[in-house]
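# Chains, contacts and geometry: an overview
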Amino acid sequence: MSASPLVVETPSEHLAYAQLVALLEHIFLRHGTSAEVAAVLADNCASAERDGAHSHGVFRIPGYVSTLASGWVDGKALPIVEDVASGFVRVDAANGFAQPALAAARALLVEKARSAGIAVLAIRNSHHFGALWPDVEPFAYEGLVALSMVNSMTCVVPHGADRPLFGTNPIAFAAPRADGDPIVFDLATSAIAHGDVQIAARKGERLPAGMGVDSLGQPTQDPKAILEGGALLPFGGHKGSALSMMVELLAAALTGGNFSFEFDWSNHPGAKTPWTGQLIIVIDPGKAAGQNFAERSQELVRQMHGVGLKRLPGDRRHAQRAKAQEDGIAIALDELANLRVLAGS
Ligand code: NDP
Ligand code: PYC
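Residues numbered from 1 in each chain as written. Chains lettered and ligands numbered in written order. Predicted model: local features only at pLDDT ≥ 70, side-chain atom pairs only at ≥ 80, totals over all residues. Heavy atoms only, no water.

By the definition in use, this model includes 12 salt bridges. A salt bridge links Arg106 to Glu142; its shortest N-O distance comes to 2.9 Å. Of this pair, Arg106 sits in helix α4 (residues 98–116) while Glu142 sits in the loop between α5 (133–141) and β5 (145–150); the two residues are 36 residues apart in sequence, bridging distant segments of the chain. When its relative accessible area of 21% is taken as the criterion, Arg106 is described as partly exposed. Of the charged contacts, one joins Asp284 and Lys287 as a salt bridge, the two residues approaching to 3.3 Å between their closest N and O atoms. (Salt bridge = Lys/Arg side-chain N within 4 Å of Asp/Glu carboxyl O. Helix = DSSP H or I, 4+ residues; strand = E, 2+ residues; numbered from the N terminus. Buried < 20%, exposed > 50% of the residue type's maximum accessible area, 1.4 Å probe, protein only.)

Below, the discussion takes up the site of ligand 2. Within the structure, ligand 2 sits among His56, Arg60, Phe129, Ser152, Met153, Thr168, Ala193, His194, Gly195 and Pro274. Between ligand 2 and His56 there is a distance of 2.7 Å, counted from a nitrogen atom to a side-chain nitrogen or oxygen. A distance of 3.1 Å separates an oxygen atom of ligand 2 from a polar atom in the side chain of Arg60. In the complex, 93% of the free accessible area of ligand 2, which totals 240 Å², lies under the protein chains. In the shell around ligand 2, the residues fall into four nonpolar, five polar and one charged. (Near = heavy atom within 4 Å. Polar contact = N/O pair within 3.5 Å; in protein donor to acceptor, adjacent residues only side chain to side chain. Areas by Shrake-Rupley, 256 points an atom, 1.4 Å probe, with all protein chains shown as cover. Nonpolar A, V, L, I, M, F, W, Y, C, P; charged D, E, K, R; others polar.)

Okay, unusual backbone geometry next. Even without being a glycine, Ala94 presents a positive backbone phi close to 55°. Of note, Ala94 is situated in strand β3 (residues 88–97). The residue Asn125 is not glycine, and still its phi comes out positive at about 55°. Topologically, Asn125 is positioned in strand β4 (residues 118–127). Given the relative accessible area of 22%, Asn125 is considered partly exposed.

Here the focus is helix α3 (residues 61–70). For α3, a buried count of seven out of 10 residues is recorded, marking the element as mostly surrounded by other parts of the structure. All of the buried residues in α3 are Ile61, Gly63, Tyr64, Val65, Thr67, Leu68 and Ser70. Close packing links the buried residues of α3 with α1 (17–30), α2 (35–50), β3 and α11 (333–343). Within two residues after α3, Gly71 carries a phi angle of roughly 80°, on the positive side. (Contact = heavy atoms within 4.5 Å.)

With that settled, consider the packing of aromatic side chains. Using the criterion set out here, one finds nine aromatic pairs in the structure. Centroid distance Trp72 to Trp275: 5.7 Å. Interplanar angle 80°. Geometry classified as edge-to-face. Pair noted here: Trp72 is in the loop between α3 and β2 (80–85) and Trp275 is in strand β11 (residues 275–283), with a separation of 203 residues, a long-range link. With centroids separated by 5.2 Å and ring planes inclined at 75°, the aromatic side chains of Phe263 and Trp265 adopt a geometry described as edge-to-face. For Phe263, a relative accessible area of 11% gives the class buried. The exposure class assigned to Trp265 is partly exposed, which follows from its relative accessible area of 26%. Members of the aromatic cluster, connected to one another through ring pairs, are Phe28, Tyr64, Phe97 and Phe129. Looking at Arg60, its charged tip hangs above the ring of Phe129, at a distance of 4.6 Å from the centre. Positioned above the aromatic ring of Phe139 is the side chain of Arg106, whose terminal nitrogen or guanidinium carbon lies 4.2 Å from the ring centre. (Phe/Tyr/Trp six-rings, centres within 6.5 Å; stacked < 30°, edge-to-face > 60°. Lys NZ or Arg CZ within 6 Å of the ring centre and 35° of its normal.)

Now the structure itself:
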């Protein structure tokens, strides 16, 4: 009889979504945000944790807290929304977080997308430290198509270059479909998200080949060598590099935000949140020619499954969400204890 593999489960406690949001909200408030900002960030971070996006879930909380303590970001910033054209909204996030800036402009953005067929939201002077899909998925539940991108901090070597310049620069997309959850993808344009490199370093794990280079520019699978003077590579060579360049152009140059290489946080020890920009494009597919868009996207999914596809982008996230709704969100006991310390409870 062969021995069954030993599965070691991390001891954890299961929290209901509302419990996790309340705990995180408390932490944000206690560390200097307004009630509005605390509510938006707690929801963003709890959704990432619930959906299994651990690199942007509660793992990020100490980084938020140290950034707020460093004075690098304004946790009470009041975003300034400017209605600049029939399909264009600008927001100055006033050195605050990007998600509350989106929340402040959202109703106007949707109104414009529905009347003009398409609308752009250009957020600048903003900090984004979270997963990007929570910014786009809600539009798809309203029958709209949404595309967003945000640039981050210099840590990615452009394809063919010698030194890092780009950020990890994610792109997220969401579209409605007739039968089922929206189609959603959310991906860093680097071979791996910086957060996942930090998690691997913490666990003492090696990375797959092709993710990054050490301080001498040599390929390495050691996450610490990447974090300590090394850099990441774009995904897919010159193709991911081109997309990352596009993100710098649209999330920074077009919005009026900083490029990933333009800010200097060295006078703010503990600062972790990139001070950049974010672009969101929302399209009303009701204006398009032909059949109902949601029926067409459903047909595409049907055809993809028909050729053998088992897993769509977004499927893991939605399955994880359904499981968390049943069982609660598992938080490792040591992580939960740290969160409770940060909450002062
Ligand atoms: P992943 O590589 O884990 O996933 C990227 C996308 O591919 C997801 O939509 C995922 O779907 C899908 N996917 C993964 N594996 C498969 C598969 N086998 N078949 C089909 N689809 C698949 O994400 P990243 O590591 O690139 O990014 C992680 C997070 O980091 C993102 O949420 C991103 O927004 C965030 N990030 C944030 C930054 C910021 O500045 N704020 C910077 C960089 C990253 P599924 O979700 O279902 O797994
Ligand atoms: O994981 O690459 C990352 C990241 C950068 C900023 C926030 N997340």
